[in-house]
Amino acid sequence: YLLPKLGHPLTRWDATDALNQCIGQDLPRLEELLQNDRHLPEARRQLIHLLAHHHSPQAVQLLVAQLHSDDDLLRSAAYQTLMKLRDAGLSIPGQPLRGVLHEELRSAYELHVVRHDLRQIHVLLEEGLERRIRQAEDRILTLLDLLHPDLSHTQIRESLDDRSSRLRATVLELLDNVVER
C-alpha cells in the first residue's frame, strides 16, 4: 500500500516516514524493495533516503550497490545519504567511489559536448541541458567531498560559478590534481 505513495509528490514524505516505521531496522526487507525494478524510480529514490536512518556498514553496502544506477536522481540521493552516514562516523569505501567519479566525469563531459553541439537550437533544450549539467557537476562535487572531506565542495562550486576565468581555471586545475589522487 505504501510503495505507490512513495512516487506521488503529495504523499511521498509521509509515506517514507510510515514505511520507515514499518520496516524499522529490517535491512534485508529494504534491500529487497530496492532491488525490485518494478517500483517507480521515485519510490526507489525514497527508499534510499530510509537508509540514512540505518547507521550500519550494511546500509553503506546497500548504497554502494546503487552507485551504478541509470537514474541520476537515485545516484544523487545515494551520494547524499552516504555523506550523512559518513558524517555519522561510518567508513565509506573509496575504491567504488573513484570508479563512479570517473563515470560521472565522463557523463558531465558528454553533456558539455552536447550543449556545445546543440547551442542556439532551442531555448528549452538549452535550459534542460544546463540543468542536467548542473546536476552532474553537483554529483561530482559530492563524490569529491566523500573522497576528500578536507575540500569544501561549496567553495569549489562558488569558484566554478564565478565570472573570473582565472579563478575557474585554478579550481579546475585543483580538481584535476585531486581526481588524480
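Below you will find a few notes about this structure. (Residues numbered from 1 in each chain as written. Predicted model: local features only at pLDDT ≥ 70, side-chain atom pairs only at ≥ 80, totals over all residues. Heavy atoms only, no water.)

A word on the pattern of salt bridges
Turning to step 1, where the next piece is worked out: Scanning the entire structure with this criterion turns up 10 salt bridges.
Turning to step 2, where the next piece is worked out: The salt bridge involving aspartate 145 is made with arginine 86; its shortest N-O contact spans 3.8 Å. Here arginine 86 lies in helix 6 (residues 72-87) and aspartate 145 lies in helix 8 (residues 123-147), a separation of 59 residues in the sequence. With respect to burial, aspartate 145 and arginine 86 carry one shared label: buried. (Salt bridge = Lys/Arg side-chain N within 4 Å of Asp/Glu carboxyl O. Helix = DSSP H or I, 4+ residues; strand = E, 2+ residues; numbered from the N terminus. Buried < 20%, exposed > 50% of the residue type's maximum accessible area, 1.4 Å probe, protein only.)

Some words on the packing of helix 4 (residues 41-50) against helix 6
Helices that pack against each other are described as a pair by the angle of their axes relative to one another and the distance between those axes.
Turning to step 1, where the next piece is worked out: Put simply, helix 4 and helix 6 touch, their axes get as near as 9 Å, and they point 5° apart. Classified by the interaxial angle, the pair formed by helix 4 and helix 6 is roughly parallel. Within the contact between the two elements, helix 4 uses Arg44, Arg45, Ile48 and His49 and helix 6 uses Leu73, Leu74, Ala77, Ala78 and Thr81.
Turning to step 2, where the next piece is worked out: Counted by class, the contact of helix 4 with helix 6 contains 5 nonpolar, 2 polar and 2 charged residues. (Axes fitted to C-alpha atoms, helices over the stretch in contact; angles between N-to-C directions. Parallel < 35°, antiparallel > 145°, perpendicular 65-115°, else oblique. Contact = heavy atoms within 4.5 Å. Nonpolar A, V, L, I, M, F, W, Y, C, P; charged D, E, K, R; others polar.)

Focus on the environment of aspartate 87
Turning to step 1, where the next piece is worked out: Of note, aspartate 87 is situated in helix 6.
Turning to step 2, where the next piece is worked out: Under the relative-accessibility criterion, aspartate 87 is labelled exposed at 57%.
Turning to step 3, where the next piece is worked out: A sequence separation of 59 residues divides aspartate 87 from leucine 146, and the C-alpha atoms of the two residues are 9.8 Å apart.

Brief notes about the environment of arginine 132
Turning to step 1, where the next piece is worked out: Along the chain, the position of arginine 132 falls in helix 8.
Turning to step 2, where the next piece is worked out: You can call arginine 132 partly exposed: its relative accessible area is 38%.
Turning to step 3, where the next piece is worked out: Expressed as a C-alpha distance, the spacing of arginine 132 and histidine 112, which sit 20 residues apart in the sequence, is 9.7 Å.
Turning to step 4, where the next piece is worked out: Among residues more than four places away in sequence, those in contact with arginine 132 are Asp72 and Leu111.

As for the side chain of arginine 12
Turning to step 1, where the next piece is worked out: With respect to the helices and strands, arginine 12 occurs in helix 2 (residues 12-23).
Turning to step 2, where the next piece is worked out: Buried charge arginine 12 goes without a salt bridge, the closest partner of opposite sign being glutamate 42 at 5.5 Å.
Turning to step 3, where the next piece is worked out: Of note is the side chain of arginine 12, whose polar atom sits 3.1 Å from the backbone oxygen of leucine 6.
Turning to step 4, where the next piece is worked out: The contacts of arginine 12, once residues within four sequence positions are left out, are Lys5, Leu6, Gly7, Glu42 and Gln46. (Lys, Arg positive; Asp, Glu negative; His and termini not counted. Polar contact = N/O pair within 3.5 Å; in protein donor to acceptor, adjacent residues only side chain to side chain.)

Observations regarding the nonpolar core
Turning to step 1, where the next piece is worked out: With 50 residues, the main nonpolar core has Leu19, Leu47, Leu51, Leu67, Leu82 and Leu97 as its most contacted residues.
Turning to step 2, where the next piece is worked out: Looking at this core, the element that brings in the most residues is helix 8, giving 9 residues.
Turning to step 3, where the next piece is worked out: Those residues in contact with leucine 82 that lie beyond four places of it in its chain are Val60, Leu63, Leu67, Ile92, Leu97 and Leu146. (Core = buried A, V, L, I, M, F, W, Y, C linked by side-chain atoms within 4.5 Å.)

With respect to the packing of helix 3 (residues 27-35) against helix 4
Turning to step 1, where the next piece is worked out: Contact geometry of helix 3 with helix 4 gives a least axis separation of 9 Å together with a crossing angle of 155°. With respect to helix 4, the element helix 3 is oriented roughly antiparallel. Our pair here, helix 3 against helix 4, has a crossing hand that is left-handed. Between helix 3, through Leu30, Leu33 and Leu34, and helix 4, the contact on the second element is made entirely by Arg44, Leu47, Ile48 and Leu50.
Turning to step 2, where the next piece is worked out: The residue makeup of the contact of helix 3 with helix 4, split by class, is 6 nonpolar, no polar and 1 charged. (Left-handed = near helix turned anticlockwise from the far one by under 90°.)

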